[in-house]
Amino acid sequence: MTAPFECEVRFFLRDPEAFHRRLRDLGGRVREAYAFTDHYHRPAGPAGGEWDGRTRALRIREHLTPQAGSEILLTHVATVSVAGLVVKRSLFPEGKVRLYAGALPDCRRVVDGLGFVPGVVVRKLDGRLFDVPEIGTLVTEHIDGVGWMAEIEREGRDLAGAAEEIRGALARLGVPEEEVTGEPVAVLAASRASAARAVGAGPPAAAPPQKIYFCGAIRGGRARQPLYRVIVDALQERGYQVLTTHVADPDVLEQETRRGMTAQQIYARDLRWLAASDIVVAEVSTPSLGVGVEVAEAARLGKPILALCQAGVPLSAMVAGHPALRVITYDDQADLLRVLARELPGGQVTVRSGGDDGGRD
């Protein structure tokens, strides 16, 4: 949602199913379902140390459901207390200022040109915009690594009036005011990740990242290349070392030509990478002899293998029935990100072997 001088609060949902039932009991209806990934950036160099993520944010928003390209958004906010209610309020009348819109690679080039570097990544995997009688609009979101949250946002030109409207909505929902927060989502995500590391939920800081060998069709067809980029980016953002990032590059064939590598040299290099990998992730929706050879060799080496296939694509029985593969289907890009979040959340993870659970939780 966005509104002039947007004024909002968030609160965690301890029982999302019960909260959604409560909304339905109040006559609430879902106006829109959505999923997107926010790639936050901060200035490079010393200026980055002065960038306060609680007040300013530059992000690339990658829209996944519905698919609508990407955009660069700038926000400048203040966390204020209005008669004891802590809210986040935009200092821009536009709320979020849209600086640019285009394909994700183009957005990245623009942000790079501005001198910004990648920071925290926030994935909203399951978002729902509700219209609720006598309450108005609100959203519920499953935020990867954070959990379920709800957000109530109102126009903030009149700060006191906005706070009063939010108070009324909270009372109607039965949510105590002390449970709300005005902290930006990026700050919550970063603090949750730091807390998890502090209590040992992830690998020790000195532990080397796990190596992933990613397989995708190259000469077999490049129609899914943008999806390969999404997969590789998601794995890298989770802290994995992807040995085969070139598979996701749009000019991979030209790269091979420029390097002057023979087929024998490419084969030997890829076998070395396979042997060095901890996990193999294969996107198998596009039939590819190369991917088939890679998967067979990975199985021979005893590597955990996660095979991803888009729903509705007829998959070879030699892949679907292979006992060493964990085959998971996905519906769309947002569903694929949910699968990766579940199967490869980051840290020292071993993929379970065998079977097809249909990609359903």
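Residues numbered from 1 in each chain as written. Predicted model: local features only at pLDDT ≥ 70, side-chain atom pairs only at ≥ 80, totals over all residues. Heavy atoms only, no water.

### What to know about the overall build of the chain
Within the chain, the secondary structure is distributed over 10 helices and 14 strands. Put simply, the chain has 361 residues, and 47% of those count as buried. In the chain, the proportion of contacts linking residues at least 24 apart, taken out of those at least 6 apart, comes to 69%. Looking at the chain as shown, the accessible area adds up to about 16,900 Å², and 55% of this sits on carbon and sulfur atoms. (Helix = DSSP H or I, 4+ residues; strand = E, 2+ residues; numbered from the N terminus. Buried < 20%, exposed > 50% of the residue type's maximum accessible area, 1.4 Å probe, protein only. Contact = heavy atoms within 4.5 Å. Areas by Shrake-Rupley, 256 points an atom, 1.4 Å probe, with all protein chains shown as cover.)

### Section: the packing of helix H5 (residues 225-237) against helix H10 (residues 333-343)
At a minimum axis separation of 11 Å, H5 and H10 run at an interaxial angle of 30 degrees. Between H5 and H10, the angle falls in the class roughly parallel. Crossing handedness for the pair H5 and H10: right-handed. On the side of H5, the interface is formed by Leu227, Val230, Ile231, Ala234 and Leu235, while H10 contributes Gln333, Leu336, Leu337 and Leu340. Taken together, the residues that form the contact of H5 with H10 break down as eight nonpolar, one polar and no charged. (Axes fitted to C-alpha atoms, helices over the stretch in contact; angles between N-to-C directions. Parallel < 35°, antiparallel > 145°, perpendicular 65-115°, else oblique. Left-handed = near helix turned anticlockwise from the far one by under 90°. Nonpolar A, V, L, I, M, F, W, Y, C, P; charged D, E, K, R; others polar.)

### Describing the confidence of the model for the chain
Residues with a pLDDT of 70 or more make up 90% of the chain, whose mean pLDDT is 86. Across the chain, the secondary-structure element scoring lowest on mean pLDDT is helix H4 (residues 185-198), at 66, and the one scoring highest is strand E6 (residues 97-102), at 96. Within the model, pLDDT remains below 50 along residues 197-206, and this stretch shows four contacts once partners closer than five positions in the same chain are excluded. (pLDDT = per-residue confidence, 0-100.)

### Brief notes about the sheet that holds strand E13 (residues 305-310)
An order of E11-E10-E12-E13-E14 is seen for the five strands of this open sheet, with the pairing classed as parallel. In this open sheet, the two edge strands, each paired with only one partner strand, are strand E11 (241-242) and strand E14 (325-330). Across two bridges, strand E10 (residues 211-215) lies against E11 in parallel orientation. Within the sheet, the bridge partner assigned to Ile212 lies in E11 and is Val242. With respect to the sheet, H5 is in contact with E10, E11, strand E12 (279-283), E13 and E14, its orientation differing from that of E10 by roughly 175 degrees. (Pairing = 2+ DSSP bridges.)

### Description of unusual backbone geometry
The peptide bond linking Thr65 to Pro66 adopts the cis configuration, its omega dihedral lying at -10 degrees. The residue Pro66 is located in the loop between strand E3 (56-65) and strand E4 (70-82) in this model. Even without being a glycine, Ala83 presents a positive backbone phi close to 50 degrees. Within the secondary structure, Ala83 is located in the loop between E4 and strand E5 (85-90). Even without glycine at this site, Glu134 takes up a positive phi of about 65 degrees. Along the polypeptide, Glu134 turns up in the loop between strand E7 (116-132) and strand E8 (136-143).

### Here we look at helix H8 (residues 289-300)
In a regular helix each residue adds 1.5 Å, so 12 residues correspond to 16 Å; H8 covers 17 Å between its end C-alpha atoms and thus fits that length. Considered for burial, the residues of H8 that qualify are Val291, Glu294, Val295, Glu297 and Ala298. Around the axis of H8, the buried residues are gathered within 165 degrees of arc, so they sit on the same side. Exposed residues lying more than 90 degrees from the buried face of H8 are Leu289 and Arg300. (Expected span 1.5 Å × (residues − 1). Arc of directions from axis to C-beta.)

### Quick look at the environment of Val139
With respect to the element layout, Val139 can be found in strand E8. Linking Val139 and Arg31, residues 108 residues apart in sequence, is a C-alpha distance of 9.9 Å.

### Overview of the pattern of salt bridges
Counted under the stated rule, the structure contains 28 salt bridges. Here Glu141 makes a salt bridge to Lys124, at a shortest N to O gap of 3.2 Å. A residue pair is termed long-range when its members are at least 10 positions apart, and Glu141 in strand E8 and Lys124 in strand E7 qualify at 17 residues. Since its relative accessible area comes to 3%, Glu141 is described here as buried. Taking the relative accessible area as the measure of exposure, Lys124 reaches 6% and is therefore buried. Through salt bridges that share partners, Arg10, Lys124, Glu141 and Glu151 make up one connected network. (Salt bridge = Lys/Arg side-chain N within 4 Å of Asp/Glu carboxyl O.)

### A few points about the packing of helix H7 (residues 263-276) against H8
The N-to-C vectors of H7 and H8 enclose an angle of 40 degrees; their axes lie 10 Å apart at closest approach. As the angle between them shows, H7 and H8 are arranged oblique. Regarding H7 and H8, the two cross each other, and that crossing is right-handed. Residue-level inspection shows Asp270, Leu271 and Leu274 of H7 in contact with H8, the latter providing Glu294, Glu297 and Ala298. Considering only residue class, the contact of H7 with H8 consists of three nonpolar, no polar and three charged.

### Side note on helix H1 (residues 16-25)
Three or more residues of H1 are buried, namely Pro16, Phe19, His20 and Leu23. Within H1, the buried residues cover an arc of 100 degrees as seen down the axis, which keeps them to one side. Exposed and oriented more than 90 degrees from the buried face of H1 are Glu17 and Asp25. Tucked into the core, H1 has its buried residues touching strand E1 (7-12), E7, E8, strand E9 (147-154) and helix H3 (159-173).

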